[in-house]
Each structure stands twice: as C-alpha cells, then as structure tokens.
Amino acid sequence: MSCRVSLSVIRLALPRSPNPIAKLVFPTLRASRLLVRFKSVSSESTLFSMPERRPFVRLPTDVYPVNYGLRLKPDLIDFTFEGKLEAAVEVTQGTNQIVMNCADIDIITASFVPEGGEEINATGFNYQNEDEKVTLCFPSTLQKGSGSLKIDFVGELNDKMKGFYRSKYTIPSGEIRYAAVTQFEATDARRAFPCWDEPAIKATFDITLIVPKDRVALSNMNVVDRKPYPEDHSLVEVKFATTPIMSTYLVAFVIGEYDFVESQSSDGVTVRVYTPVGKAEQGRFALEVATKTLPFYKDYFSVPYPLPKIDLIAIADFAAGAMENWGLVTYRETALLIDPKNSCASSRQWVALVVGHELAHQWFGNLVTMEWWTHLWLNEGFASWIEYLCVDHCFPEYDIWTQFVSADYTRALDLDALDNSHPIEVDVGHPSEVDEIFDAISYSKGASVIRMLHNYIGDEDFRKGMNAYLLKFQHKNASTEDLWECLEQASGKPIAAVMNSWTKQMGFPIIVVDQEQVTVTKSFSWTSIDENCPNWMVPISICTSEDPSCTKMEVLLDQPETTVNITNVAPDHWLKINPGTVGFYRIQYSSAMLESLLPGIRDLTLLPVDRLGLQNDLFSLLHKQADMQEEKNRIERVLGAIPAPDIIQRVLNFALSVRDITHTHLLWKIGQAGKI
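This structure is a prediction, so every number in the text was calculated from the model and none was measured.

Undergrad: Even after reading the chapter, I still don't get the UniProt feature "site: Transition state stabilizer" (unreviewed entry) in the protein chain, so can you show me in this structure?
TA: Taken from the UniProt record, the annotation "site: Transition state stabilizer" (unreviewed entry) applies to Y443. With respect to the secondary-structure elements, Y443 resides in helix α5 (residues 440–457). The partly exposed category is assigned to Y443, whose relative accessible area is 27%. With sequence-adjacent residues up to four places away left out, Y443 is seen in contact with H357, E380, G381, S384 and F438.

Structure below.
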C-alpha cells in the first residue's frame, strides 16, 4: 500500500498578546488523509537587534604578529607579574604607530627593531582604556618588512577570574595558598600581555614561565627546558615548545600545586588530568573519558590531534564550566573530578559530556577558528551536539540522546518561543557584546539545529564535509558559510539555504497534523498565508508503526506545496512525524492522530525519546484558562498515571506558565496509556 503525502505551511507571526497562537479552522475530515499545517513561533519582527551598540573598530592590519616570544614572572605573594614580550611582526605598510590590545597592564618600555636595522624606541603609549587598546608611537616611520617588537610590562594577578588571575585553594594541612591561572576567552588575553587579541590574528607562541621551584607550571605545549633562575635560586625557568599557529584566546598557563594521573590514548597522545593535591584518584574517570574521546574524534574527522600532549586541569576558582585552551583544558572542579566512592551517575555523565565538549573544540575551534565572534554559535553549538555523539559512542549504556532531548532540545524550544529570544547567529561588533550571546540559544538551539542538519545530511556525507572543512581551513579562520559550503559539496543538498532559515531568524515552526481516510492515501499540506512572516526550510522525517526506529520517508519542505508518496503502509498503521525528536519544531496532532498513537505508547513500541517529545509538545501548547483551579485539576488528571508527585508538580508548574491549550482530553488518555 502507499500513502500520498501533500505538504504545505501556515506561517503566523507570534503577536504580543495573551493568546499568542492564532486558532486554525480545520475543514471537516473524513478518515485517513493527513493534512500537516505549519505555523511559526516567532516575534512580530523576524529581525533581531542588539541593544544600542558602542562604536567599535577592529585593529589595523598594517602590523601583524608572526610569533610571540613571551616571558612571565608571577609573584604569588603580592599578586603581580612582570612580563617581557618579543614579537616577530610583519609591517605591511609604512606607519609610525602600532595599535594593540591592552587592558590593566602598564607598559614600561617598548621598541621596534627592523630586520637588519637599528632599534627604534617608542616615544609614547596612548591608552584607550574604554576600547582596551594601546597605541605605541614611534619617532620615525616603520618601513614595510619584518621586524621585532619588544615590550616590557607589569600587571596584576587579579581576582576577577579573567585574564591572568589568582585562584585560592587550601592544601591538606589547611593552609590557604594561591595559584596563578588564565581565562582568556573571549577577550582577556590582553590582561596578561599586550597582543592582537582578535581570533583571526593568529600566530605561534614561545612561552617561558619563571615560577617557584616547588610549583607545577603548565602551558599549551610540553616542557622543553627547566633550569634554575639565575637571579633567584628559589625560582625555576620553565620553557615550553613552540605552539602551532593559534588565536590569543586559546593561550593558557597555570602555576600552582597539583597532583596528576597519566595515560596515553590509542593514537599515542599523552593525556594527564591534574587535580588538587591528594585527589589524584578523582581524576581517573576524566582520564578514561579523554583517552577514549581523542581517538573517537580522530576517526570521526579523519584528522589527527595535532599536539603531542593534552592536559586537563581542575581549577579551584573558575567562572566558566570549562575552557578549551589548546593542549591545556581548564575546568571547574565539579566538571572534572569524580569521587569513585561517592559521586552519582549523573555526575559521571556530566563530566563525560564536558570533557567531550572541550576536546571537540581541539579540532572545531582551535585547529579551525571562527573569523569573528559572530560565528561563536557554530563553535559552541557544534561542540554541544558532538559531545553527545561522543559520549553515546564511549558509554552507550547512558542512553544519552534521550537526555539531550530533555536537557537541551526542549530547553531551546521553550526559550526560543519567548519574545526576547534572538537568532542563533547574531552580528557582533564590540567584543563586549560577546557575553550577551553566550547563552542557551548559542549552545542548546545551536546544538539542536546541528543535530537536525546531521540527520538531514546523513552521517557519511556529514563526516566527509567535516573532513573537507577541517583540512581546507586548518590553522586558519573560517565563517559559518564556509562550513555550509563544504557540507553542501559533500552531500549535494542545499545546506546554506536550509541552515540560513534556521540561524538568521528566531523562532521555529509548529506542524499541525490532521487526518482523514481515503483508501490507502495519506497527505500533508503546508500553506503560506503571510508573506511577511518567517519561513523555514524544514527537513521532515516520517516513521510508521511497522518500524518506529526507522525513517520511512524524508522530505524537505522547501516550497509552498509538496506531495510525496509513502509505500507499503497498512490502513491500521500509524504515522509519526519527527522520529527520534530530531527536527527543531513542535507538532500539534489532530485528535484522531493522537488516538492512533496510543497503542504505541501503551506497549512502548514508540521509543522513549519519541514519547518524551510527544508529551513535551502537548504541554507546550497549553495556555492559561480563566478558571485556573479547573485547569490545575485537568492537568493533574492527565498526569494521573505518573506516580511521582514531584514530577506532577514540575510539569504542572510548566504547563500553567504557557499559553495555548489543545487536546486536553487526549492528554488525559495519553497519561492513562502509560508513562511517556
């Protein structure tokens, strides 16, 4: 048998009123044709504007770095540091000034030595504190060509948990001490040394740290030399290997007291997990995850990890969850350490996900870096998706994709339905705007649409496209459009057109499904009613009760009306849209469609992730009624089959906070059919 499927879309802007979703008048239906209508959840305007912006100009390109030779000597008592920078630079056109980023640093002296020429001392330092820049002024023109920029400077080991800062910890005896650590993303390398602190201005780094001899000193690369510091025998001078070409925000160094556990991945990379003193055993689970993860990404991308080592370190005072510094990944203690006797399963899963996320960045973000912060969503959204893919590979017993739907996917849908949402991709000007887009839209919605994209392309073509992208742009910078182009060439599908409809506007479509029976024919319709409202190119998957885990039909809704045929569908079989809850949209089924799905809920042939998605969609489409107590009673009846009172209360609170109600009677039936 076959099903004829016709698809169309209704696009409705979300008005700012108590009842945001317009009611649809459905035609009288006979019995087996499926009509799928789409309405959008979006604000009145599809364009998102940031708050009023500060004027901003990126750094000039007349001088750029090739290599940073950096020496730092932190004082862990007075919380200051001394620094010497000797940067190999290229002058692309004659100039008598060099503009760099600099914040909370005092420059003592600066000079420029042209290749084969005499040293030229800077005559002044003009600080633009609001823009976090400094202009080094020279008495004569610096001619085009190579040269060396030398700067002596001092700074503070601050207590702001950004830049080069101090982190308080307690040793086993109870004494309080301090470590010196870094957090540079997005724009705080400039607080540790004067630099060209933009992601597209890459260079190599030769880092030397002068530290107390009883302290551990770490940086991005492996140690190549350690010797006594001639001016003070209580100090040692630790020199690290030259890094690959990289952005300033990925540079890191740590000085403190740590234990570690060590292993090697199957592809020969040395992996260490650094822990507070006396807690080395708590790093073993993260070590296991890291040694499994590195080979997984190497195989998935078909690109080897390019550094000889990777260190993962738990920092006592750390503002972020973790930071993907190349070769030296820093973590909040709770995101890295697992007590083998007392930690719960959810803590293990959390550590596995965070480790998987940060190690994914070693390729996607570090090897290939975004050209500007506008493309930050792709860095974070991609890593937030592939961390689940990695954990599912390493620990299939976690059933981690069901947790993705409950933790990331549904959260993103809830937030993206609000008036104060924003597109995934937001144009960033001044770097101060970057923090405004480090949110669940960048991470959770970004991950959800990447997951939908992967499903639309297929794993084989997706991996081909990723490999082409990483090889083409390795050690360089790229934009979102560069990735779409590589995936488009690998798959032959209109990736840029599809993804632009999801990343450049907020909101998502709601699929409204009706059914009527016509022998063996089932159809969907999608109709446009407002040219000014958002439009999406929607990858749709359909499965049947014959095999709920297998997609029966895939179609891209890319035109006002589409008809497809599904073959070999028995009259008594049900159809389900969005198997696996992969597509980033909500589905509003007709009563007859929901009735047909009840057997699959009762006998659990409908997979847990699909039952979860179905329940979440239904509750998200509720709205407040005049009689709130009556509404409360109805929802409690719906959840009557669920024995846990705390779950009932949480879902009830959620349900009463959203706006539109449909299918209350069927919600009760689904609740009675079984735990979804």
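Undergrad: Teacher, can you tell me more about the layout of surface pockets here?
TA: Leftover empty space is mapped by rolling, across the atoms, a probe with the size of a water molecule. The computed volume of the largest pocket comes to approximately 1000 Å³. Every residue lining the largest pocket is counted, 42 residues in all, and those nearest its centre are A320, G321, A322, F438 and Y443. Sorting the residues of the lining of the largest pocket by element identifies β21 (322–323), α2 (345–361), α3 (376–394), α4 (400–416) and α5 as the ones contributing at least two each.

Undergrad: Would you mind showing me how to read the pattern of salt bridges here?
TA: Working definition: two side chains of opposite charge can pair if their charged atoms are close together. The final tally for this structure, using the stated rule, is 27 salt bridges. Residues E175 and R177 are paired through a salt bridge, measuring 3.2 Å at the closest nitrogen-oxygen approach. Judged by relative accessible area, E175 falls into the partly exposed class, the value being 40%. Residue class for R177 comes out partly exposed when judged on its relative accessible area of 22%. R190 is the partner of D197 in a salt bridge, and the nearest nitrogen-oxygen pair spans 2.9 Å.

Undergrad: Is there a simple way to explain the packing of α5 against helix α6 (residues 459–473) in this structure?
TA: A packed helix pair is summarised by two numbers, namely the angle formed by the two axes and the spacing between the axes. For the pair α5 and α6, the least separation of the axes is 6 Å and the interaxial angle reads 115°. As the angle between them shows, α5 and α6 are arranged roughly perpendicular. On α6, the residues touching L453, H454 and I457 of α5 are D459, D461 and F462. Here the residues of the contact of α5 with α6 sort into 3 nonpolar, 1 polar and 2 charged.

Undergrad: So what exactly am I meant to see when it comes to the sheet that holds strand β10 (residues 145–156) here?
TA: Pairing between the strands of a sheet is mediated by backbone hydrogen bonds and can be parallel or antiparallel. One open sheet accounts for 8 strands, arranged β7-β6-β10-β4-β3-β13-β16-β15; its pairing is mixed. Either end of the sheet is taken by a strand with one partner, and the two such strands are β7 (120–121) and β15 (223–228). Pairing geometry for strand β3 (residues 63–75) and strand β4 (residues 80–91), over 12 bridges, is antiparallel. In the sheet register, N67 faces β4, and the bridge partner there is A88.

Undergrad: Just to check I follow, could you spell out the pairing of strand β19 (residues 270–275) for this structure?
TA: Successive side chains on a regular strand alternate, one facing one side of the sheet and the next facing the other. Note: strand β18 (residues 259–264) against β19, 6 bridges, orientation antiparallel. Residue pairing across strands places D259 opposite T275, the latter belonging to β19. Joining the antiparallel neighbours β18 and β19 is a turn of 5 residues, in which G268 adopts a positive phi near 90°. In terms of strand pairing, β19 meets strand β20 (residues 309–315) through 5 bridges, oriented parallel. Pairing of T270 across the sheet is with K309, part of β20. Handedness of the crossover joining β19 and β20 through helix α1 (residues 284–301): left-handed.

Undergrad: Explain α6 to me, please; I cannot follow it from the model alone.
TA: Three or four residues apart is the spacing at which side chains of an α-helix point the same way, because the helix has 3.6 residues per turn. For α6, with 15 residues, the first-to-last C-alpha span of 21 Å sits near the 21 Å given by 1.5 Å per residue. Those residues of α6 not exposed but buried are F462, G465, M466, N467, Y469, L470 and F473. Elements that come into contact with the buried residues of α6 comprise α1, β23 (368–370), α3, α5, β24 (476–478) and α7 (480–491). Positive backbone phi, approximately 65°, marks H475, located one or two places after α6.

Undergrad: Would you mind showing me how to read the confidence of the model for the protein chain here?
TA: The predicted coordinates ought not to be read in detail in places where the model reports low pLDDT. Per-residue confidence for the protein chain gives a mean pLDDT of 83, with 80% of residues at or over 70. Counted against residues more than four places away or in other chains, residues 1–50, with its pLDDT under 50, gives 226 contacts. Within the model, pLDDT remains below 50 along residues 637–643, and this stretch shows 16 contacts once partners closer than five positions in the same chain are excluded.

Undergrad: Is there a simple way to explain the packing of aromatic side chains in this structure?
TA: Pairs of aromatic rings are described using the distance from one ring centre to the other and the angle between the two planes. Counted according to the given criterion, the structure contains 35 aromatic pairs. Ring geometry for Y68 and F205: centres 4.6 Å apart, planes at 5°, overall stacked. Residue Y68 is located in strand β3, and its partner F205 is located in strand β13 (residues 204–212); the two are separated by 137 residues in the primary sequence. Accessibility classification places Y68 together with F205 in one group, the buried group. Ring centres of F395 and Y398 lie 5.0 Å apart, and the angle between their planes is 10°; on these two criteria the pair is classed as stacked. You'll find F395 and Y398 in the same group, each marked buried. Between the NZ or CZ atom of R166 and the centre of the ring of F79, over which it lies, the distance is 4.3 Å. Against the face of F260 rests R272, its NZ or CZ located 4.1 Å from the ring centre.

Rules and cut-offs
- Residues numbered from 1 in each chain as written.
- Predicted model: local features only at pLDDT ≥ 70, side-chain atom pairs only at ≥ 80, totals over all residues.
- Heavy atoms only, no water.
- UniProt positions renumbered as here; feature names shortened; annotations may be inferred.
- Helix = DSSP H or I, 4+ residues; strand = E, 2+ residues; numbered from the N terminus.
- Buried < 20%, exposed > 50% of the residue type's maximum accessible area, 1.4 Å probe, protein only.
- Contact = heavy atoms within 4.5 Å.
- 1 Å grid on protein atoms, 1.4 Å probe; cavity = no way out; pocket = protein on both sides within 12 Å on 5 of 7 lines; lining within 4 Å.
- Points joined across faces, edges and corners; volume = space filled by probe spheres on them.
- Salt bridge = Lys/Arg side-chain N within 4 Å of Asp/Glu carboxyl O.
- Axes fitted to C-alpha atoms, helices over the stretch in contact; angles between N-to-C directions.
- Parallel < 35°, antiparallel > 145°, perpendicular 65-115°, else oblique.
- Nonpolar A, V, L, I, M, F, W, Y, C, P; charged D, E, K, R; others polar.
- Pairing = 2+ DSSP bridges.
- Right-handed = clockwise from strand over helix to strand, strands pointing away.
- Expected span 1.5 Å × (residues − 1).
- pLDDT = per-residue confidence, 0-100.
- Phe/Tyr/Trp six-rings, centres within 6.5 Å; stacked < 30°, edge-to-face > 60°.
- Lys NZ or Arg CZ within 6 Å of the ring centre and 35° of its normal.

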